[in-house]
Amino acid sequence: MDELKLYTWIAVGGTFALYFFIAWWARAGSTSEFYAAGGGITPLQNGMAIGADWMSAASFISMAGLIAFLGYGGSVFLMGWTGGYVLLALCLAPYMRKHGKFTVPEFIGDRYYSKTARIVAVVCLIIASLTYIIGQMKGVGVAFSMFLEVEYDMGLYIGMAVVFVYATLGGMKGITYTQIAQYCVLITAYTIPAVFISLQLTGNPIPQLGLGSTLADGSGVYLLDKLDQVVAELGFKEYTTSTLGDVEMFAYTLSLMIGTAGLPHVIMRFFTVPSVKAARQSAGYALVFIALLYTVAPAVGAMARLNLMNTIEPAAGQNLEYAERPQWFKDWERTGLLAFEDKNGDGKIKYTADKATNEMVKVDRDIMVLANPAIANLPNWVIALVAAGGLAAALSTAAGLLLAISSAISHDLMKGVLVPDMDEKTELRASRIVMTISVCVAGYLGLNPPGFAAGTVALAFGLAASSIFPALMMGIFSKKMSSKAAISGMCSGIGVTMLYVFQHKGIMFIPGTSFLGGMEPNWFFGISPNAFGSVGAFVNFAVAFIVLRATGPAPSHIQNLVTNFRTPHGEVAGAHSH
Amino acid sequence: MEDKQSYWSENLRLIFICLAIWFVVSFGFGLLFVEQLNEFRLGGYKLGFWFAQQGSIYTFVGLIFWYGKKMNDLDKKYNVEDA
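This structure is a prediction, so every number in the text was calculated from the model and none was measured. (Residues numbered from 1 in each chain as written. Chains lettered and ligands numbered in written order. Predicted model: local features only at pLDDT ≥ 70, side-chain atom pairs only at ≥ 80, totals over all residues.)

### Some words on the overall build of chain B
- A count of helices and strands for chain B gives three helices and two strands.
- For chain B, the succession of helices and strands along the chain, N to C, is α-α-β-β-α.
- Reported as C-alpha extents along the three principal axes, the dimensions of chain B are approximately 50 × 20 × 15 Å.
- For chain B, contacts bridging at least 24 residues in sequence account for 50% of all contacts bridging at least 6. (Helix = DSSP H or I, 4+ residues; strand = E, 2+ residues; numbered from the N terminus. Contact = placed C-beta atoms within 7 Å.)

Right under this line is the structure:
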């Protein structure tokens, strides 16, 4: 066993042992602990847990790679996946916490005085969360197979087993404390390589500042200017100005923002804090912890791109000999994520934007974060750390999603609708059984990803944006909003979004560069399916207000309920006491 | 009851101010006016690019804490704090 593999096993094994220990230490004894950690989590702890819950394999592995190749266009992910927290903190979290229930469908069911509304919310939640979870399971499998050279399937089973243990045992309580540990692992694993690389390239150890600094090679040229120049010489779009198109960027950013605010596994976390004040605060802490990664990511992306370019073409016209390629190049070629084809037969590597002469026929954007430490010649323990960090990101998000799904089924569907007289002990047992089944379903979907999931996590955001977010907003800010109106809104919002996505199935799920592909003639104002959630949300709002006009407002006791949860003090609505 | 209503309208005013700033730094500076702002620089960053990839995020963090603080004051003023 070589040194790198040994370190990787130590890092992964050590972090897994830690997660198991925490799960055993924080096991849940009641439904309140299982669904909402007994309401006793401090805002700081909750912020950290939200950070891990939120930052998935997509944030950790894919995002910086996307930015590396999209340049300025990648900003949609940075603004979209952080801006949603402003909406959460200002418009949703405090009121939902005041109302004081366990789950998002439960809130919707109460506010819209309707079991149908609750069931519709459960269905929307399951569609959005399942789409999301497949990506996480794939991330776990890929991380194992790349770093530890175990089979993809085997990696997936290991991941399932770990999540199974701490999610079923601990519920929200166990997941919360595990996620705090996972946040620490993932943020360390993300920033250490970034600090090293920033130091190497610019002499500034803070990546956020390094990205705006001059290069350390004595030329006095700013890093971003250099990058613009290098990519432009090879015929690519200029890094700092390459855009996805104005309408697309606007719609995409908005879709990710409101999707963030509508994702049930994140909203659920705000039920775990003891007060309304703490709910507002924990959104702030959450965004601080998220921003730590999200402001480093653009530096990682830009620096990785520059390093890649410089490796292949150290000086203009002096391309790297294929025979002299570095070890990481060979390693990634083996995985098929990097591919070279000597088109002009000169034995040198040529990388340009021109498809006819470009010899780097495949550069998968997902490898940028994972290959980054190796490209920059960082020590092996750093690479091992990145493996553990990627797994922490994928596992923590998977656990949060599983909890959202299983609580929707056991608490909303079974306890709320089918068997209302179930006692607490039975419900706790039921939720553990449902959790077990959910883990198996998620694992199955990870092993056999259905066609529609191959594309994207971003899809889950569109679905949450078009269904759950508008229903919550209207429930809080419009006292008159009625159940009929909200149900029609949710159904038409998610319906329109899903139709648009399925219509584009053939286009969207070709992996690679379809983001920038020229498919525009078929698109609604040039908006891609990933960005369509904002349009779906608009449809949702519009339909709801039209139906409200036609069918009349909500009854007065519901309007009083809204008045009540708009102020922090006073009685909470339900039996869920803190 | 009137108290609750003026508490709510003060809250709405705060939310409106915050969301206006939220919109301006991200959709405004980061997307719609990015080219104009790119004429200016912040170290090696073009200003519009900086807002899109750094500045908007810092502003979001600040906004949430500012709103939280203002709401705590408002809760005290109307005596509606929770336990």
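### Some remarks on the overall build of chain A
- A tally of regular secondary structure across chain A gives 22 helices and two strands.
- In terms of overall size, chain A behaves like a compact globule, its C-alpha atoms giving a radius of gyration of 24 Å where 578 residues would be expected to give roughly 25 Å.
- Structurally, chain A occupies a C-alpha span of about 80 × 50 × 40 Å along its principal axes.
- Here chain A holds 578 residues, and the buried ones make up 59% of them. (Rg over C-alpha atoms; globule rule 2.2 N^0.38 Å. Buried ≥ 20, exposed ≤ 12 C-beta atoms within 10 Å, placed from the backbone.)

### Let's talk about the confidence of the model for chain B
All names here are of chain B.
- Considering every residue of chain B, the mean pLDDT works out to 91; 96% of them sit at 70 or more.
- Confidence, read as mean pLDDT per element, is least for strand S1 (residues 41-42) in chain B (89) and greatest for helix H3 (residues 47-77) (94).
- Overall fold confidence for the complex sits at a pTM of 0.88, while the interface term, ipTM, reaches 0.95. (pLDDT = per-residue confidence, 0-100.)

### A look at the nonpolar core
Residues and elements named next belong to chain A.
- Formed by 225 residues in total, the largest nonpolar core has its most connected members in Leu186 and Leu402.
- Take this core: its biggest share by element is 22 residues, from helix H13 (residues 276-312).
- The residues that make up this core include at least three from each of domain 1 (3-309 + 375-566) and domain 2 (310-374).
- The contact partners of Leu402, leaving out residues within four places of it in the chain, are Ile133, Val163, Ala167, Met435, Ser438, Val439 and Ala442. (Core = buried A, V, L, I, M, F, W, Y, C linked by C-beta atoms within 7 Å. Domains from an automatic or database assignment.)

### Considerations on helix H18 (residues 458-477) of chain A
Residue and element names in this part refer to chain A.
- Here H18 spans 27 Å end to end across 20 residues, near enough to the 28 Å set by a 1.5 Å rise per residue.
- The sharpest bend along H18 comes to roughly 40°, located at Ala465.
- Among the 20 residues in H18, 19 count as buried, and that is most of the element. (Expected span 1.5 Å × (residues − 1). Bend = angle between axes of the 7 residues up to and from the residue.)

### What to know about the interface of chain A and chain B
- Listed per partner, the contact involves 42 residues of chain A and 37 residues of chain B.
- Among the elements of the structure, helix H5 (75-99), helix H10 (223-233), helix H11 (246-262), H13 and helix H22 (556-566) of chain A are those that each provide at least two residues to the side of chain A that touches chain B.
- No other element matches H13 of chain A, which puts twelve residues into the side of chain A that touches chain B.
- Partitioned by chemical class, the residues of the side of chain A that touches chain B number 21 nonpolar, 17 polar and four charged. (Nonpolar A, V, L, I, M, F, W, Y, C, P; charged D, E, K, R; others polar.)

### Structural notes on H11 of chain A
- For H11 of chain A, spanning 17 residues, the distance from its first C-alpha to its last is 24 Å, which sits close to the expected 24 Å at 1.5 Å a residue.
- Among the 17 residues that make up H11 of chain A, 14 are buried, leaving the element largely enclosed by the rest of the structure.

### Overview of the domain arrangement of chain A
Residues and elements named next belong to chain A.
- Here chain A is described as being made up of domain 1 (3-309 + 375-566) and domain 2 (310-374).
- The centre of domain 1, based on its C-alpha atoms, is set 32 Å off from the matching centre of domain 2.
- Contact residues are listed per partner, giving 28 residues for domain 1 and 21 residues for domain 2.
- Where the side of domain 1 that touches domain 2 is concerned, the elements lending two or more residues are helix H4 (57-70), helix H8 (152-202), H13 and helix H16 (380-418).
- Examining the composition of the side of domain 1 that touches domain 2, we find that eight residues originate from one element, H4, more than from any other.
- Of the residues contributing to the side of domain 1 that touches domain 2, the split by class is 22 nonpolar, five polar and one charged.

### Re the packing of H8 of chain A against H13 of chain A
All names here are of chain A.
- It is the contact of H8 with H13, at a shortest axis distance of 10 Å, that shows an interaxial angle of 35°. For the pair H8 and H13, the crossing hand works out as left-handed. Facing H8, whose interface residues are Tyr183, Ile187, Tyr190, Thr191, Ala194, Ile197, Ser198 and Leu201, H13 presents Phe289, Leu292, Leu293, Val296, Ala299, Val300 and Met303.
- Residue classes in the contact of H8 with H13 are distributed as 13 nonpolar, two polar and no charged. (Axes fitted to C-alpha atoms, helices over the stretch in contact; angles between N-to-C directions. Left-handed = near helix turned anticlockwise from the far one by under 90°.)

### Examining unusual backbone geometry
- The phi angle at Asn377 of chain A is positive, at roughly 60°, despite the residue not being glycine.
- Within the secondary structure, Asn377 of chain A is located in the loop between helix H15 (367-375) and H16.
- Located in the positive-phi region is Asn79 of chain B, a residue other than glycine, with phi close to 55°.
- Residue classification places Asn79 of chain B among the exposed residues on the basis of 9 C-beta atoms within 10 Å.

### Section: the environment of Val163 of chain A
Residue and element names in this part refer to chain A.
- Positionally, Val163 belongs in helix H8.
- The exposure class assigned to Val163 is buried, which follows from the 28 C-beta atoms found within 10 Å.
- Residues Val163 and Ala68 lie 95 residues apart in sequence; the distance between their C-alpha atoms is 31 Å.
- If we skip the residues at most four places from it in the chain, Val163 touches Leu395, Ala398, Ala399, Leu402 and Val439.

### Focus on the confidence of the model for chain A
All names here are of chain A.
- Here chain A shows a mean pLDDT of 83. Residues at 70 or above account for 93%.
- The lowest-confidence element of chain A is helix H20 (residues 505-508), averaging 42 in pLDDT; the highest-confidence one is helix H21 (residues 533-551), averaging 94.
- For the stretch residues 451-455, pLDDT sits under 50, and the model shows eight contacts to residues farther than four places along the chain or on other chains.

### Concerning the environment of Leu32 of chain B
- Assignment of secondary structure puts Leu32 of chain B in helix H1 (residues 2-32).
- Spatially, the C-alpha atoms of Leu32 of chain B and Gly48 of chain B are 9.5 Å apart, while their sequence positions differ by 16 residues.

### Things to note about the environment of Arg97 of chain A
Residue and element names in this part refer to chain A.
- Turning to its location among the elements, Arg97 is positioned in helix H5.
- Owing to 28 C-beta atoms within 10 Å, Arg97 belongs among the buried residues under this scheme.
- Sequence-wise, Arg97 and Thr272 are 175 residues apart; in three dimensions their C-alpha atoms are separated by 8.5 Å.
- Sequence-distant contacts of Arg97, that is, excluding residues within four places in its chain, are made with Phe270, Phe271, Val273, Val276 and Ala279.

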